[in-house]
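Here is what each chain is made of, one letter per residue.
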Amino acid sequence: MAASKKIIAEVEQLRNEINQHNYRYHTQDDPVISDAEFDRLFRDLKSLEAKYPELISDVSPTQRVGAAPLSAFSQVVHEAPMLSLDNAFVEADVLEFDHRIRSRLQSDEEVAYACEPKIDGVAVSLLYEDGKLVRGATRGDGTTGEDITRNVRTIESIPLQLLGKGYPSRLEVRGEVYFPISAFTKMNQRAQSRGDKEFANPRNAAAGTLRQLDSRLTAQRKLAMFCYSVGLVEGGELAEKHSEILQELAIWGLRVNPLVETVLGAAQCVQYYKGICERRESLTYEIDGVVFKVDDIGLQQKLGILTRTPRWAIAHKFPAEEGITRLNDVEFQVGRTGAITPVARLAPVKVGGVTISNATLHNMDEIDRLGLMIGDTVIVQRAGDVIPKIVSVVLEKRPSKTTNIELPQTCPACGSEILRSEGEVAARCTGGLSCAAQQRESIRHFASRLALDIEGLGDKLVEQLVDEGLIDNAADLYQLTEAQLVKLERMAPKSANNLLEALENSKETTLPRFIYALGIQEVGESTARSLAMHFGDVAGLLEADEALLQTIPDVGPIVANKIHHFFQQESNLAVIDSLIGFGLRWKVEDTGIIANSLAGETWVLTGSLNSLTRNEAKARLQKLGAKVSGSVSRKTTCVVAGDAAGSKLVKAQELGLKIIGEDELITLLEEYGA
Ligand code: IVH
């Protein structure tokens, strides 16, 4: 029987009521009906939907139970990058942050900051179209994340449909999904009683739960979310202050942390931090610090962003947690570029809820600095997800029998000589790519998330493949066959095929990722991006001499030397050739916007430039997010006037627009890293 108008209206009414009560309960923490009454409304809706299945819609509150498992998550390219935060650890860092802001803004006035708890969870982006939740995604590397829509739909504090009206037609909301402490403790107790593996802490548990391919499992674990910013906004406008935007989000039913406050100046930020420190223990969720954000969005835009972090915000982190334990041994690991890193093996100790049995010692200088000996009692420190480190030795507890820590003379992996060259802190294995440890590490790096991101190719598997002699370098990965893979221990045909598919998918990449994946010493993600931007392809990069390399932002003499040296090695060139031969490719436009420092601005170039071509200037401005237009209007942000500029310059002067010369443009482009 088709649903009558009356039934349709009844279903609609029930949904609205349930949504309102959900909001009161999960978002405002202020329910107005009893659980039993709520359950009754919910049951009524469910039975109507069962009777009239055609009325079931994606946004119905009954549709939060999860769905059949996915085989993999698909990728989501964020329309605006998801940024990270710079950190402050002591009061002086906060004062300096405020000072930097005021000098950039050339202002003597106190700056208004929005202060928020820094939730220790997982960053998530939610996309609403016409008020409906259409996509949830993880942050991933900030540019590309994973589509976890099915999982976020199960989180009750995330509205499937925004409340009220006035929201932009496309609105991307960002925030932190976390595991409430009580739910986390209960889940771990249950896991313990069943003999299952327990999660180390609520953050790991939240991350693991969000990445469940079976969203029915996610639905069983009670995650929650606090929203703290917006990404994409189209078809509508938001308020001009960050704090007001948060209020708007709250009105539309999104959950915003109740401890957000706006303050004036750095001293009040520090006060806020102290206040939150005192309340930390009483909160029902874990936080690892507080965040200060310039409240005025116009000022935020003026300040812009660096590669991955905005200039207008900072996280003031709580001090790292410490523990005391015994150093049982030191082992030496060989890194991707042959660097030998001493690693401390410790008697297991719990620090901040996590058991630590290893800590990094960085290099031999660090061991000297600490005056460390095997058998010593040491203080270990753990800050968030950073690798634990030894901060000091408790000399009073030094036993009578200790052992000196000495750098081995030969590589523990391949037996080649270990050398420590002049001016370098790290000792290195001289075995190069014939050293199995270096092979393994460079292949791991190649497959890692920020490089080619090859799903399913974990550390263990790389080790197996290298040990079995199936691969020596990254290019060999693309020659692996199903027959070879299934012979490996714990490798079912299905996993073998998944890996081959992931390898095939990884062939389509971006130039910055490809350059980063090569694992050139000193070339991190940001330098790789600068190189990609400058050369636009690998051919030019291969031939660049050190002088040319040094003209690129981020590249000094040492880095230039390492890059040049890398491309002088026949073995490296052979790997690159094979990779390209196997079909690795990248989209040129992916070297696009590197930062949003000039987002929303319109620039005009006029007259002739001397050290740049017009096209080059245009491309570099666009990389910073600016629009480059051919005509001057009131909407123009800035006009660059080269030699013999004519009518456009006159018009810009008449309109009182900002006008700069070529030198100033170059300084600005360099400063922003374009
Ligand atoms: S703002 C530019 N606000 O901290 C804005 N982040 O260390 C970037 N986080 O990736 C984020 N609470 O996952 C912001 N109130 C808060 C936050 C917060 C937690 C996380 C977020 C981010 C990470 C940066």
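See above for the structure.
Below or above, wherever it landed, is the structure these notes cover. (Residues numbered from 1 in each chain as written. Predicted model: local features only at pLDDT ≥ 70, side-chain atom pairs only at ≥ 80, totals over all residues. Heavy atoms only, no water.)

1. Observations concerning the overall build of the protein chain
Along its length, the protein chain carries 24 helices and 24 strands. In terms of C-alpha radius of gyration, the protein chain reaches 28 Å, essentially the compact-globule figure of 26 Å for 674 residues. Along the three orthogonal principal directions, the C-alpha set of the protein chain runs to about 85 × 80 × 60 Å. Among the 674 residues that make up the protein chain, the fraction classed as buried is 48%. A fraction of 68% describes how many contacts in the protein chain between residues 6 or more apart in sequence connect residues 24 or more apart. Counting 75 positive and 94 negative side-chain charges, the protein chain places the averaged centre of each group 5 Å from the other. (Helix = DSSP H or I, 4+ residues; strand = E, 2+ residues; numbered from the N terminus. Rg over C-alpha atoms; globule rule 2.2 N^0.38 Å. Buried < 20%, exposed > 50% of the residue type's maximum accessible area, 1.4 Å probe, protein only. Contact = heavy atoms within 4.5 Å. Lys, Arg positive; Asp, Glu negative; His and termini not counted. Charge placed at Lys NZ, Arg CZ, Asp CG, Glu CD.)

2. Structural notes on the environment of Asp472
Position of Asp472 relative to the elements: it lies in the loop between helix 13 (459–467) and helix 14 (482–486). Assessed through its relative accessible area of 42%, Asp472 is described here as partly exposed. The spatial distance from the C-alpha of Asp472 to the C-alpha of Leu433 is 8.0 Å, given a sequence separation of 39 residues. If we skip the residues at most four places from it in the chain, Asp472 touches Gln439 and Ile443.

3. Digging into the sheet that holds strand 2 (residues 86–88)
Taken together, the 5 strands give an open sheet; going across it, the order is 2-11-10-3-9, and neighbouring strands pair in mixed fashion. The strands lining the two open edges of the sheet, one partner per strand, are strand 2 and strand 9 (261–264). Neighbour-to-neighbour, the strand axes of the sheet open up by a mean angle of 35°, direction not taken into account. By the bridge criterion, 5 bridges tie strand 10 (residues 287–294) to strand 11 (residues 313–317) in an arrangement that is antiparallel. Bridge assignment links Val291 to a residue of strand 11, and that residue is Ala315. (Pairing = 2+ DSSP bridges. Axes fitted to C-alpha atoms, helices over the stretch in contact; angles between N-to-C directions.)

4. Focus on the site of the ligand
Neighbouring residues of the ligand: 14 residues in total, closest Glu116, Ile119, Glu176, Tyr228 and Lys293. For the ligand, a nitrogen atom lies 3.0 Å from a polar atom in the backbone of Ile119. Taking Glu176, its side chain carries an N or O atom lying 2.5 Å from an oxygen atom of the ligand. Surface burial for the ligand is 89%, taken as the share of its 520 Å² of free accessible area covered by protein chains. For the shell around the ligand, the secondary structure elements donating two or more residues are strand 3 (112–119) and strand 10. The element that contributes the greatest number of residues to the shell around the ligand is strand 3, accounting for 4 residues. In terms of residue class, the shell around the ligand is built from 9 nonpolar, 1 polar and 4 charged. (Near = heavy atom within 4 Å. Polar contact = N/O pair within 3.5 Å; in protein donor to acceptor, adjacent residues only side chain to side chain. Areas by Shrake-Rupley, 256 points an atom, 1.4 Å probe, with all protein chains shown as cover. Nonpolar A, V, L, I, M, F, W, Y, C, P; charged D, E, K, R; others polar.)

5. A word on the packing of aromatic side chains
Applying the stated rule across the entire model yields 12 aromatic pairs. Measuring from ring centre to ring centre gives 5.3 Å for Tyr178 and Phe226, while their planes differ by 15°; the resulting arrangement is stacked. Here Phe226 lies in strand 8 (residues 224–234) and Tyr178 lies in strand 7 (residues 170–178), a separation of 48 residues in the sequence. What makes Tyr178 buried here is its relative accessible area of 4%. Since its relative accessible area comes to 4%, Phe226 is described here as buried. Consider the rings of Tyr178 and Tyr285, whose centres lie 5.5 Å apart with planes at 55°: the pair is tilted. With Tyr178 in strand 7 and Tyr285 in the loop between helix 9 (265–279) and strand 10, this residue pair connects regions lying 107 residues apart in the sequence. Relative accessible area serves as the criterion here: at 7%, Tyr285 is assigned to the buried category. Through successive ring pairs, a cluster of aromatic residues spans Tyr178, Phe226 and Tyr285. (Phe/Tyr/Trp six-rings, centres within 6.5 Å; stacked < 30°, edge-to-face > 60°.)

6. Focus on the side chain of Glu146
Inspection of the secondary structure puts Glu146 in strand 6 (residues 144–146). Side-chain polar atoms of Glu146 contact the side chain of Arg211, separated by 2.7 Å. Among all residues touching Glu146, those that are not within four sequence positions of it are Phe73, Ser74, Val76, Gly136, Ala137, Thr138, Arg211 and Glu455.

7. Topic: the nonpolar core
Among the nonpolar cores identified, the biggest contains 52 residues, and Phe446, Ile454, Leu477, Leu531, Leu549 and Ile563 are the most heavily contacted of them. Elements with a minimum of two residues in this core: helix 12 (436–447), helix 13, helix 15 (493–506), helix 16 (511–517), helix 17 (525–535), helix 18 (538–543), helix 20 (557–568) and helix 21 (570–581). Once you skip the residues sitting within four places of it in the chain, Leu531 turns out to touch Ile515, Val523, Gly536, Leu541, Leu549, Ile552, Val555 and Ile563. Of all hydrophobic cores here, the second largest spans 36 residues; its members include Val124, Ile155, Leu171 and Phe184. (Core = buried A, V, L, I, M, F, W, Y, C linked by side-chain atoms within 4.5 Å.)

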